[in-house]
Amino acid sequence: MASQGASSGGSPIQIPSRLPLLLTPEAVLLPGSTMRASVDSPRNMQLVRSRLLKGTSLKSTIIGVIPDTHDPASDLDPLPPLHRIGTAALAVQVVGSNWPKPHYTLLITGLCRFQILQLVKEKPYPVADVEQLDRLEQFTNKSKAEEELGELSEQFYKYSVQLVEMLDMSVPAVAKLRRLLDNLPREALPDILTSIIRTSNQEKLQILDAVGLEERFKMTIPLLVRQIEGLKLLQKTRKPKQDDDKRNARITYGVAIDICQACQEKSYVKRGILIVVAIRPIRRIAHLAEDEEEDEDHDDVIVLEKKIRASSMPEQALKVCIKEVKRLKKMPQSMPEYALTRNYLELMVELPWSKSTRDRLDIRAARILLDNDHYAMEKLKKRVLEYLAVRQLKNNLKGPILCFVGPPGVGKTSVGRSVAKTLGREFHRIALGGVCDQSDIRGHREEQILQIGFIGRM
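Read on for a plain summary of the structure. All values reported here derive from a predicted model rather than from experimental measurement.

Brief notes about the overall build of the chain
Across its full length, the chain holds 17 helices and 8 strands. Here the chain holds 458 residues, and the buried ones make up 42% of them. Considering only residue pairs separated by 6 or more positions, the chain has 68% of its internal contacts joining residues 24 or more positions apart. As displayed, the chain has an accessible area near 26,100 Å², and 51% of this comes from carbon and sulfur atoms.

Below you can see the structure in the form of structure tokens.
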């Protein structure tokens, strides 16, 4: 990224002059923020497979994110007009899944703005010559922007501090945000604050298109004022509660800081230092219900946890399920593993842990029932009656598996149904035709479930 002859002290960091383009129609990535992008369209899938998964250098993880542009559903369709301003981004994580259809989920962190100069190619994925618009450098003089923008910078900083101080400072994320306001250069604050507060994609698009720093400050200040007024109104209309923890959770509104795992507040790119702040909204914001029970009922994960604790499952299974619930609470819903983990927990809840039937071990009645249901097959009937006789003598026997072998249509399933009817048990038929791997029956490992999409037949 940086040229070999660049000095280490404050020299600008350059992105590649030619970037592959990721088209995101429903999200806007701003420099300094992090988001998850779902990729399932043909050209975007080719970009991930050919560039991100096969690349071995840092340069191969840098892509151009183009907002407000749809990727056509077919490779044969031409590209629509591209938005001229995009964000150069670093692909931090790639997660793939085949369920319910092949797709990838990208964790990307915005670096800087760029302008498309010329579209070089459209297939297999779009590539364009770009011009970098923002300077990426090590900001050693924090007063440079203050001198150039004067009162505008101070006004923006004042509103930013006012917004953060209206939140609960005891929350670690809010306290970290307050420290970042003092440590980050003023040039980076408009993009970061816009990605935190509640804004529409159209408003974020306008901030992205604001190449000039002064224009960016002027457009972001009304958004901060609107958020501050909304918080004031929310605090006035909300009824106070005695539970301090619930009150703190409500006042902490829509803000959380998640420092990018790969960057850890600072992303070192060769000899320059780029401060990257990844900010995402918290998933669980203020609920306006009047009591705690109503709040919890709206949270599906909490309802699922209640069902698990009330399911009367064995202690070992309960520990595993509670552990998975804790992971589920911390997991973003966009991750493929979220849906699979939730399906697994719902399956565990639906299993009849506390339901059982009492066996009827009447050999005479069993003989009559088998004779009425099946003609001949004396050897098979004798083996079934032997099994029932042993069960009469030893009630705690963990029953053997009765294996009936024969071509289709000779009565294997009907005999099993008769045995279940004799014992007073429910009969369930699980078809395993065509299964050649025992993992399909017994269950797959967790890392394989993400690729295959189901747990197992049993």
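Structural notes on the packing of aromatic side chains
All chains considered together, the criterion is met by 1 aromatic pair. Considering the side-chain rings of Phe-156 and Phe-217, the 5.0 Å spacing of their centres and the 80° angle between planes classify their relative orientation as edge-to-face. Linking Phe-156 in helix 3 (residues 151-165) with Phe-217 in helix 7 (residues 213-237), this pair joins segments that are 61 residues apart in sequence. Residue classification places Phe-156 among the buried positions, given a relative accessible area of 0%. Among the residues examined, Phe-217 registers a relative accessible area of 0% and is labelled buried. Lys-158 extends its terminal NZ or CZ atom over the ring of Tyr-159, reaching a point 5.1 Å from the ring centre. The residue whose ring lies beneath Arg-186 is Tyr-157, and the NZ or CZ to ring-centre distance is 4.2 Å.

Quick look at helix 14 (residues 378-393)
Look at helix 14: 23 Å from first C-alpha to last across 16 residues, which is about the 22 Å you get at 1.5 Å a residue. When we look at burial in helix 14, the residues that qualify are Lys-381, Val-384, Leu-385, Tyr-387, Leu-388 and Arg-391. What you see down the axis of helix 14 is that its buried residues fit within an arc of 150°, all on one side. Those residues of helix 14 that are exposed and aimed more than 90 degrees away from the buried face are Lys-379, Lys-382 and Leu-393. Looking at the packing, one finds that the buried side of helix 14 touches helix 13 (363-373) and helix 15 (412-423).

Remarks on the nonpolar core
In this structure, Phe-156, Leu-163, Leu-181, Leu-189, Leu-193, Leu-208 and Leu-224 are the most contacted members of the largest nonpolar core, which totals 32 residues. Those elements giving two or more residues to this core turn out to be helix 3, helix 4 (172-183), helix 5 (189-196), helix 6 (201-209) and helix 7. It is helix 3 that provides the largest number of residues to this core, a total of 7 residues. Apart from the residues lying within four places of it in its own chain, the contact partners of Phe-156 are Leu-189, Pro-190, Leu-193, Phe-217, Thr-220, Ile-221 and Leu-224. With 18 residues, the next largest nonpolar core counts Ala-37, Met-45, Tyr-125 and Val-127 among its residues.

Some words on unusual backbone geometry
Cis geometry marks the peptide bond from Lys-123 to Pro-124, where omega comes out at 0°. On the secondary structure map, Pro-124 appears in the loop between strand 5 (103-121) and strand 6 (127-132). You will see that Met-377, though not glycine, has its phi angle at about 55°, which is positive. Mapping Met-377 onto the fold places it in the loop between helix 13 and helix 14.

Examining the packing of helix 10 (residues 300-309) against helix 12 (residues 336-350)
The N-to-C vectors of helix 10 and helix 12 enclose an angle of 30°; their axes lie 9 Å apart at closest approach. As summarised for this structure, helix 10 and helix 12 are arranged roughly parallel, according to the angle between their axes. Between helix 10 and helix 12 the crossing geometry is left-handed. Contacts between helix 10 and helix 12 involve Asp-300, Val-301, Leu-304, Lys-307 and Ile-308 from the former and Tyr-338, Arg-342, Leu-345, Glu-346 and Val-349 from the latter. A class-by-class count of the residues in the contact of helix 10 with helix 12 yields 6 nonpolar, no polar and 4 charged.

Some remarks on the side chain of Glu-337
Here Glu-337 shows up in helix 12. Glu-337 sits in the buried class, given a relative accessible area of 14%.

Observations concerning the pairing of strand 1 (residues 18-24)
The side chains of a regular strand alternate, first on one face of the sheet and then on the other. Of all the 7 residues making up strand 1, 6 are buried; the element is thus mostly covered by neighbouring parts of the structure. Note that strand 1 and strand 6 share 3 bridges and pair antiparallel. For Arg-18, the partnering residue across the bridge sits in strand 6 and is Asp-129. Pairing geometry for strand 1 and strand 3 (residues 62-67), over 4 bridges, is parallel. Looking at the pairing, Thr-24 lines up with Pro-67 of strand 3.

Quick look at the pattern of salt bridges
The tally for this structure, following the rule as stated, stands at 25 salt bridges. With a shortest N-O distance of 2.6 Å, Asp-191 and Arg-113 are connected by a salt bridge. Pair noted here: Asp-191 is in helix 5 and Arg-113 is in strand 5, with a separation of 78 residues, a long-range link. Taking the relative accessible area as the measure of exposure, Asp-191 reaches 3% and is therefore buried. By relative accessible area, which is 0% here, Arg-113 ends up buried. Between Arg-186 and Glu-154 there is a salt bridge, with its nearest N and O atoms 3.5 Å apart. With a gap of 32 residues between them, Arg-186 in the loop between helix 4 and helix 5 and Glu-154 in helix 3 connect regions that are remote in the sequence.

So, how was this worked out
Residues numbered from 1 in each chain as written. Predicted model: local features only at pLDDT ≥ 70, side-chain atom pairs only at ≥ 80, totals over all residues. Heavy atoms only, no water. Helix = DSSP H or I, 4+ residues; strand = E, 2+ residues; numbered from the N terminus. Buried < 20%, exposed > 50% of the residue type's maximum accessible area, 1.4 Å probe, protein only. Contact = heavy atoms within 4.5 Å. Areas by Shrake-Rupley, 256 points an atom, 1.4 Å probe, with all protein chains shown as cover. Phe/Tyr/Trp six-rings, centres within 6.5 Å; stacked < 30°, edge-to-face > 60°. Lys NZ or Arg CZ within 6 Å of the ring centre and 35° of its normal. Expected span 1.5 Å × (residues − 1). Arc of directions from axis to C-beta. Core = buried A, V, L, I, M, F, W, Y, C linked by side-chain atoms within 4.5 Å. Axes fitted to C-alpha atoms, helices over the stretch in contact; angles between N-to-C directions. Parallel < 35°, antiparallel > 145°, perpendicular 65-115°, else oblique. Left-handed = near helix turned anticlockwise from the far one by under 90°. Nonpolar A, V, L, I, M, F, W, Y, C, P; charged D, E, K, R; others polar. Pairing = 2+ DSSP bridges. Salt bridge = Lys/Arg side-chain N within 4 Å of Asp/Glu carboxyl O.

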